[in-house]
Structures are given as structure tokens and as C-alpha cells.
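# Observations on chain architecture
Chain by chain, the residues:
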Amino acid sequence: MEKPFVLLVDDNEATCTLITALLHKDFNVEVAADGLEALEQLRTRTYAAVVLDLRMPHLDGYGVLDYLRDNNPEVLRRVLVVSAALTRTELTRLKPYDVCAIISKPFEVETLLSAVRQCVDDPSALRGRFLTSGVILFLADWLRQRLM
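Throughout, residues of each chain are indexed from 1 in the direction in which the sequence is written. Only residues with pLDDT of at least 70 get local features here, since the model is predicted, and only at 80 or more are side-chain atom pairs given and counted; chain-wide, interface and lining totals rely on the full set of residues. Based on all heavy atoms of the structure, the side-chain values leave hydrogens and waters out of the count.

### Quick notes on the pairing of strand β2 (residues 28-32)
- As defined by bridge partners, strand β1 (residues 5-9) adjoins β2 across five bridges and the pair is classed as parallel. In the strand pairing of β2, V9 is matched with A32.
- Handedness of a crossover is defined as follows: orient the strands so they point away from the viewer, and if the path from the first strand over the helix to the second runs clockwise, the crossover is right-handed. Elements are defined by DSSP. Helices are runs of H or I of four residues or more, strands are runs of E of two residues or more, and each kind is numbered from the N terminus. Where the polypeptide runs from β1 across helix α1 (residues 13-23) and back to β2, its parallel neighbour, the crossover connection is right-handed. The criterion for strand pairing is that DSSP finds at least two bridges linking the strands in question.

Now the structure itself:
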């Protein structure tokens, strides 16, 4: 059986190398260095999951999400956002896209692997969940600041 294809969209070469190494056993990983490359690849192949960074040159992750919402909305359910840019504003901005999951960088290896597998197997199972302790700590700090 052929391994499912995952599109990794990130401009950081080290991040791409790491995520590709983590996923290669179970998935065929194709890399796009920015949103424009991602759109070209999304037009030519169907991916089981899309691992998407938000901040990139040329066309950012929101540009990719807008394209998918307008042209191929069912793919949004297979998008896993992996970004260091997860401020409260960013999380609010992501909510309407209804992506499979959101993971903050740095991420835990098992969290990433589990999220990608879940997005591929059953995108509705994780949809909209914010994974990792980093996001939990961010939200706890935000709540502490608001309540004090």
C-alpha cells in the first residue's frame, strides 16, 4: 500500500528537515518553501494532510487558508497549523478556518505525529483543538493577566 502524501509548507529549512524526518516512515512528504509554492502543489496533487506554517515570505499561511476556503474548503479539515506565531490574535484569526488542529512551535514529537495521523485518518476528530503544553501555558498566562 502506498503511503499517503503530506504537504509541508514552511520557509524554515531546519523545521522542514525535522518534520520530514519525523513523518517519512508513514508518509510521503512534499515540501513547499512558501505559500505560492504550496498553491502550485495543491493544484496538482491531493494531499492526505497539509502541515502549514503561518509566517512565510511571498504568501503567508493565511493566504493559503484563504485560497483553500474559497477554492477547496474540504481540504481545510486536513490542515494542521504548526506555528510559533500563536498569539491570542492569531488563535482568534484561525478559528473561522476550522482546521484540523493547531500546534505551537516548539512542538513535542509525539504530539505532531499523532495530530498528522489523526488529520489523515479522521480530520473531524481533532478539528479546532489547540495541542501542546505551549498553548496551554500561553492561555494560562493570558488568563492570569486578565484576572489579576
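### What about helix α3 (residues 61-71)?
- Burial status follows relative accessibility: with a 1.4 Å probe on protein chains alone, a residue under 20% of its type maximum counts as buried, one over 50% as exposed, and anything between as partly exposed. Of all the positions in α3, only G61, Y62, G63, V64, L65 and L68 are classed as buried.
- For α3, the N-terminal cap is D60; the gap from its side-chain oxygen to the backbone nitrogen of Y62 is 3.1 Å. Distance and chemistry together define a polar contact, namely a pair of N or O atoms within 3.5 Å, with one atom able to donate a hydrogen and the other to accept it when in protein, and with adjacent residues in sequence counting only for side-chain atoms on both sides.

### Some details on the state of the cysteines
- Whenever a pair of cysteine sulfur atoms sits within 2.5 Å, that pair is classed as a disulfide. Considering all chains together, one arrives at one disulfide under this definition.
- Sulfur-sulfur distance for the disulfide between C100 and C119 comes to 2.1 Å. Taking the sign of the S-S torsion, about -105 degrees here, the bridge from C100 to C119 comes out left-handed. Of the two residues, C100 sits in the loop between α4 (88-94) and β5 (101-104) while C119 sits in helix α5 (residues 109-121), which places them 19 residues apart along the sequence.

### Regarding the packing of aromatic side chains
- Classification of ring pairs rests on two measures: the distance between centres of Phe, Tyr or Trp rings, Trp counted by its six-membered ring, which must be within 6.5 Å, and the angle between planes, read as stacked under 30 degrees, edge-to-face over 60 and tilted in between. Inspection of the entire model under this criterion finds one aromatic pair.
- Between Y62 and Y97, the ring centres sit 6.4 Å apart and the planes meet at 45 degrees, which makes this aromatic pair tilted. Residue Y62 is located in helix α3, and its partner Y97 is located in the loop between α4 and β5; the two are separated by 35 residues in the primary sequence.
- Overall, Y62 belongs to the buried group, its relative accessible area being 4%.
- In this structure Y97 comes out as buried when scored by relative accessible area, which is 8%.
- Either the NZ atom of lysine or the CZ atom of arginine qualifies as a charge over a ring when it sits within 6 Å of the ring centre and within 35 degrees of the ring normal. Residue placement shows R93 over the ring face of Y62; its charged tip is 3.6 Å from the ring centre.

### Let's talk about the nonpolar core
- Residues enter a nonpolar core if they are buried and are Ala, Val, Leu, Ile, Met, Phe, Trp, Tyr or Cys, with the set joined through side-chain atoms within 4.5 Å. Counting 27 residues, the largest nonpolar core has V50, L65 and L94 as its most contacted members.
- Counting residues per element, the ones that place at least two in this core are β1, α2 (35-44), β3 (49-52), α3, β4 (79-83) and α4.
- Here the element with the most residues in this core is α3; it accounts for four residues.
- Contacts are residue-level and defined by heavy atoms, with any inter-residue pair within 4.5 Å sufficient. The contacts of V50, once residues within four sequence positions are left out, are L7, V9, L42, V75, R78, V79 and L80.
- Formed by 19 residues, the second largest nonpolar core is a distinct cluster that contains V6, C16, V82 and V116.

Remember, this is a structural readout, not a statement about activity or role.
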